[in-house]
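Residues per chain are reported as follows:
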Amino acid sequence: MSHRKFEAPRRGSLAYLPRKRTKKHRGKIRKFPRDDPTKNPHLTAFLGYKAGMTHIVREPERPGSKVHKKEIVEAVTIIEAPPMVVVGIVGYVDTPTGMRTLTTVWAQNISQEFMRRLYKNWYRAKKKAFTKYAKSFTDGKGKEDLQRQVDKIKKYASVVRVIAHTQVSKLNLRLKKAHIMEIQINGGDIASKVAFATDLLEKQISVDKVFEQSEMIDCIAATKGKGFEGVTTRWGTRRLPRKTHKGLRKVACIGAWHPANVRFSVPRAGQNGYHHRTEMNKKIYRIGKGDDTKNATTEFDLTQKTITPMGGFPHYGIVSQDFVMIKGCCPGVKKRPITMRKALFSSIKRAALEKISLKFIDTSSKFGHGRFQTEEEKAKHMGTVKKTAK
């Protein structure tokens, strides 16, 4: 590096070391949005499953821009988000070394999806979890204990979170274990937070109760895994000259003679992808209901159609539950759990404050070139064919 003619900044960021496979398949929320006691109590996160991508047409409201009031095409991601079920409440107290769990309150009835997550092998397990706890509610002792713990949270806790799980049985996945997460309750004082959480116990919460259209959210997930890859792909280093001996997709000098070891900052080959990542400020373009047969219809495109493209989303299938449509892409492959959190930093940019109105949502096949938006349109164009003539 001593005879460099021009500047050459280092390749690749050192901010996310070590670049290895994450232990968290489900995106973990390391920090929740800052609490605002002036607002009403509300949940700050939700879990969904990535279905795939499509594109939309809309007219942006950007005075002064060349695309103001002109049609633009944008890519969007569909995240299927069936209602989550609240099964517990956790209270935390502040200590000099951080937050400490005060106590946890569980619901009386807990589904099998949740229980399966607690066992390594459900088939061989005795399935005894929570049996004594559920039985204590029959003689009234359980209700007294629950109320005592709730009062304890109300008196001492500084942070209140609910324990909620997804309903994977409502999805068309080969999955039987629910994904479980803690969701922080923001807004109001501690008493109102606890009352809000207690009211949610054993109830389903839909995604439209947590987020709303045109809101900015953060997406947390494990990225798509690429396996063991070389230094040029993994770090983006420059290839060596063509005549280089023993290959050119390498780093020529990996360090000085002394210190007699390779520094951590030197690009090396290794694991690429399947890293835990957070993508911030994704705009919600639409929140659709699963039972709505017109959840892909717009004010300008009145065709009766659902969000699922013809033939289904590749490697996913049919979206039959509630969904969230966000602008652009998000980390992870299809079927991967995506943790959606209210934006950690509120943006005041014009794009963040813009109200979204869609003109068209594409539902053509994602397998081929996609000529038709619906089966009816295809049948009308094709006429009577051998398959439909029977």
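None of the values given here were measured: they were computed from a predicted structure.

Engineer: Requested: an account of the overall build of the protein chain, with residues and values cited.
Structural biologist: Secondary structure summary: the protein chain contains eight helices and 15 strands in total. Counting only C-alpha atoms, the protein chain reaches 85 × 75 × 55 Å along its principal axes. Put simply, 77% of the contacts in the protein chain that link residues at least 6 apart link residues at least 24 apart. Put simply, the protein chain has 81 plus and 34 minus side-chain charges, and the middle of one group is 14 Å from the middle of the other.

Engineer: If you had to explain the environment of Val333 to someone new, which residues and values would you point to?
Structural biologist: Turning to its location among the elements, Val333 is positioned in the loop between strand 13 (323–327) and strand 14 (337–342). Considered as a pair, Val333 and Ala222 are 111 residues apart in the sequence and their alpha carbons are 8.6 Å apart.

Engineer: Account for helix 3 (residues 141–156), naming residues and giving values.
Structural biologist: Taking 1.5 Å per residue, 16 residues should reach 22 Å; helix 3 reaches 23 Å between its end C-alpha atoms and fits that length. Buried within helix 3 are the following residues: Gly142, Leu146, Val150 and Ile153. For helix 3, the buried positions fall inside an angular range of 70 degrees around the axis, keeping them on one side. Exposed and facing more than 90 degrees away from the buried side of helix 3 are Lys141, Glu144, Arg148 and Lys155.

Engineer: Tell me about the packing of helix 3 against helix 4 (residues 190–200), and name the residues and values.
Structural biologist: Interhelical geometry of helix 3 versus helix 4 gives an angle of 150 degrees and a closest axis separation of 8 Å. Here helix 3 lies roughly antiparallel to helix 4, going by the angle between them. The chirality of how helix 3 crosses helix 4 is right-handed. Packed against helix 3, whose contacting residues are Val150, Ile153 and Lys154, the element helix 4 presents Ile190, Ala191, Val194 and Thr198 at the interface. Split by residue class, the contact of helix 3 with helix 4 holds five nonpolar, one polar and one charged.

Engineer: Account for the packing of aromatic side chains, naming residues and giving values.
Structural biologist: Centre distance and the angle of the planes are the two values used to describe a pair of aromatic rings. On inspection of all chains with the given rule, the structure shows six aromatic pairs. With a centroid separation of 5.3 Å and 75 degrees between ring planes, the pair formed by Tyr133 and Phe137 is classed as edge-to-face. Owing to a relative accessible area of 22%, Tyr133 belongs among the partly exposed residues under this scheme. Here Phe137 falls in the buried class, since its relative accessible area comes to 9%. What links up through ring pairs into an aromatic cluster is the set Trp106, Phe114, Phe130, Tyr133 and Phe137. The ring of Trp235 carries the charged tip of Arg19 above its face, separated from the ring centre by 4.1 Å. If you follow Lys127 out to its NZ or CZ, it ends over the ring of Trp122, 5.0 Å from the centre.

Rules used throughout
Residues numbered from 1 in each chain as written. Predicted model: local features only at pLDDT ≥ 70, side-chain atom pairs only at ≥ 80, totals over all residues. Heavy atoms only, no water. Helix = DSSP H or I, 4+ residues; strand = E, 2+ residues; numbered from the N terminus. Contact = heavy atoms within 4.5 Å. Lys, Arg positive; Asp, Glu negative; His and termini not counted. Charge placed at Lys NZ, Arg CZ, Asp CG, Glu CD. Expected span 1.5 Å × (residues − 1). Buried < 20%, exposed > 50% of the residue type's maximum accessible area, 1.4 Å probe, protein only. Arc of directions from axis to C-beta. Axes fitted to C-alpha atoms, helices over the stretch in contact; angles between N-to-C directions. Parallel < 35°, antiparallel > 145°, perpendicular 65-115°, else oblique. Left-handed = near helix turned anticlockwise from the far one by under 90°. Nonpolar A, V, L, I, M, F, W, Y, C, P; charged D, E, K, R; others polar. Phe/Tyr/Trp six-rings, centres within 6.5 Å; stacked < 30°, edge-to-face > 60°. Lys NZ or Arg CZ within 6 Å of the ring centre and 35° of its normal.

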